[in-house]
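Below, each chain spelled out in residue letters.
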There are 2 protein chains.
Amino acid sequence: MKPITLEQIAEILREHDNYLILMHKSPDGDAIGSAYALCMALRKMGKKADTLCGDEIPEMYSYFTDLAPNEGFEPEFIISVDLATTNLLSGKAAEYSDRIDLCIDHHGSNNGFAAVGYVDGRVSSCAEIIKYLFDVMGTDIDSGIADAVFTGICTDTGCFKYSSVSPATHRAAAELMEHGAQSAFICHLMFDSKSRSKILLEKMVLESLEFHCGGQLAIINITRKMMEESGARESDTDGIASIPRRIQGVKIGITMREKPGGEFRFSVRTSDDIDASVICGNFGGGGHRAAAGCSIKKELSQAREDMLCVCRQLLEGEK
Amino acid sequence: MKPITLEQIAEILREHDNYLILMHKSPDGDAIGSAYALCMALRKMGKKADTLCGDEIPEMYSYFTDLAPNEGFEPEFIISVDLATTNLLSGKAAEYSDRIDLCIDHHGSNNGFAAVGYVDGRVSSCAEIIKYLFDVMGTDIDSGIADAVFTGICTDTGCFKYSSVSPATHRAAAELMEHGAQSAFICHLMFDSKSRSKILLEKMVLESLEFHCGGQLAIINITRKMMEESGARESDTDGIASIPRRIQGVKIGITMREKPGGEFRFSVRTSDDIDASVICGNFGGGGHRAAAGCSIKKELSQAREDMLCVCRQLLEGEK
């Protein structure tokens, strides 16, 4: 993949037409915000543009996604946003895997699948890059575009909490608010509002909370029974994996999720000095230093014991 | 209280010396951040300055409060920050109630107790005003001062979530980060970290969650038994009162807290179209439109029924 500048992207977008913008499966606020913002900006330039995702776009984003209904045209130039690898494309979007013309992303691990690309792993979110692209393009950012970009930035930074937030991130947020982004509405919707099913699920999950290794390890379960009894949807499990790690004194936070077919999916969150990807690597999984995952296909108590055993060794090795 | 400008405050601070800066009881991040930032800035000008609060400053703020240990001197000029009324002073700080020279505050309800004052109810936090004061004063903001001001802004805005956040708030955050504010560390400490006691308390509280009025009203209890069994401190109850209101469909969220002496303290949080202060006014309490409180001295089930009865009428009156 040939690296190009934002100025070159602006040039390319002026030259071509009939853009299709791809999002990864289980799309999050950054993927959806980036894709819709770019789509709306291209249409403002008089271009035909559309977005495509293999999975459904959650209803909660309708305050900006409703602004850009699908249009019929034959896609000519394919763009991916917030996509680190084409393995994360699903359904109809996956059909474009081998013909992506331009990639815009903020994952340092991006494996370079497109013809040309702009990847900056230091930027908080793909949407923040899209904002800088709009600055270069001289895009007339209206309130719909501003809402989309703001949503991408605030969801991927945990509402300006993570270490990926830079002074420039806050300045981008300030400008987006001046263009009409509904900051308080978006932040409330994304971070301060829970479905009744989600709160019931959280209650059940907290009842399963156990501490091990002198309080350095906390583990919670999400069973299929809990999902059924609470009426929770898949999206209601968002954020639950971070509950155990947030408890003071906990170095390893584990969420054990019962999947169909007797499999257990482990989400592991760790503090700086412990590598979650090493823990999960023991079971054929992987991820980042602070957040990783793996699956173990065993009976519940055995799967759990296997995981605890690896963690115990790691915590003891630390002393 | 004579209203003055930030320029006039800068002038006054240059002229006087031996400053004592007062904080309200149960001091929060905004009070503590504002007071310590101002104290550190005054000392940088070669002045003697100190902070005073009737209650203890929580340990969690030590990353900037440790920078400004107490100094012995006779206070000559008394300043209050983030203080809406002198009723909120306690202990030694209350002794200065009648002789406050300068008030800096962001509460629209400030009742003007000082000789001169700068009050702007549109600004997100007192710390944000302090930042603008430093701009006028030309203060050399070091990392300690930046941490203190950033803490005030982020805690009083729910980490940049509330409607009080303006583009200028984000720009202030950006500049403070450039002066060394540890944004990610502070946000994690204030919003993503819970004591083991607090998570146990939350678990117990969620077990008490009940819905009424077709899901429009949610109520939780904090009993003295829960406080004892979880080992929770008073500060661990922070934020719990907002849990029921965050549930989708809930218009009135109530937290019922058992106090010594057979009294129950109700915290009421409502959505826009219902006035929490009206609900609490029925029981001799008060507060704001979206957040109010009152006490009922009755047997548990009766206190609860009295509150539910008032809320039911209000919700039915809405139809």
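As shown above, the structure is provided for reference.
Residue positions within a chain follow its written sequence, with the count starting from 1. Whichever chain is written first is A, and whichever ligand is written first is 1; the rest continue in order. Local features in this predicted model are restricted to residues whose pLDDT is 70 or higher, and side-chain atom pairs enter the listing and the counts only when it is 80 or higher, whereas totals over whole chains, interfaces and linings include all residues. In computing side-chain properties, one takes all heavy atoms of the structure into account and sets aside hydrogens as well as water.

So, unusual backbone geometry
Residues and elements named next belong to chain B. Condition: Helical segments are the DSSP runs of H or I of at least four residues, strand segments are the runs of E of at least two, and each set is numbered from the N terminus.
At Ser26, a position not held by glycine, the phi torsion is positive, near 40°. With respect to the helices, strands and loops of the structure, Ser26 is situated in the loop between strand 2 (19-23) and helix 2 (29-44). We note that Cys213 has phi near 50°; this positive angle belongs to a residue other than glycine. In this structure, Cys213 sits in the loop between strand 7 (210-212) and strand 8 (217-222).

Some words on the packing of helix 1 (residues 6-15) of chain A against helix 5 (residues 126-137) of chain A
Residue and element names in this part refer to chain A. Just so we agree on the cut-off: Axis definition: a line fit to C-alpha positions, over the contact stretch in the case of helices; interaxial angles, taken between N-to-C directions, run 0 to 180 degrees. Angles are sorted into four bins: roughly parallel if under 35 degrees, roughly antiparallel if over 145, roughly perpendicular if 65 to 115, and oblique for all others. Left-handed is the label given to a crossing in which the near helix is rotated counterclockwise from the far helix by less than a right angle, and right-handed is the label when the rotation is clockwise. Whether two residues are in contact is decided by their heavy atoms: any pair within 4.5 Å suffices. Residue polarity is assigned by list, with Asp, Glu, Lys and Arg as charged and Ala, Val, Leu, Ile, Met, Phe, Trp, Tyr, Cys and Pro as nonpolar; anything else, Gly included, falls into the polar class.
It is the contact of helix 1 with helix 5, at a shortest axis distance of 9 Å, that shows an interaxial angle of 70°. Here helix 1 is positioned roughly perpendicular relative to helix 5, judged by the angle of their axes. In this structure, helix 1 meets helix 5 at a crossing whose hand is right-handed. Between helix 1 and helix 5, the residues in contact are Leu6, Glu7, Ile9, Ala10 and Leu13 and Ile129, Tyr132, Leu133, Val136 and Met137, respectively. Its residues assigned to classes, the contact of helix 1 with helix 5 comprises nine nonpolar, no polar and one charged.

Quick word on the packing of aromatic side chains
Filter applied, for reference: In this analysis, rings of Phe, Tyr and Trp, with Trp reduced to its six-membered ring, are considered paired at centre separations within 6.5 Å, and the interplanar angle assigns stacked below 30 degrees, edge-to-face beyond 60, and tilted for intermediate values. Accessible area is worked out with a 1.4 Å probe on protein chains only. A residue is then buried under 20% of its type maximum, exposed over 50%, and partly exposed in between.
All chains considered together, the criterion is met by 13 aromatic pairs over all chains. Seen in terms of ring centroids, Tyr61(A) and Phe64(A) are 6.2 Å apart; in terms of plane orientation they differ by 65°. Their pairing is edge-to-face. Given a relative accessible area of 0%, Phe64(A) falls into the buried group. Aromatic side chains Phe160(A) and Phe160(B) sit 6.0 Å apart centroid to centroid with 70° between the ring planes, which places their arrangement in the edge-to-face category.

So, to be careful, I would describe these as geometric facts and stop short of saying anything about function.
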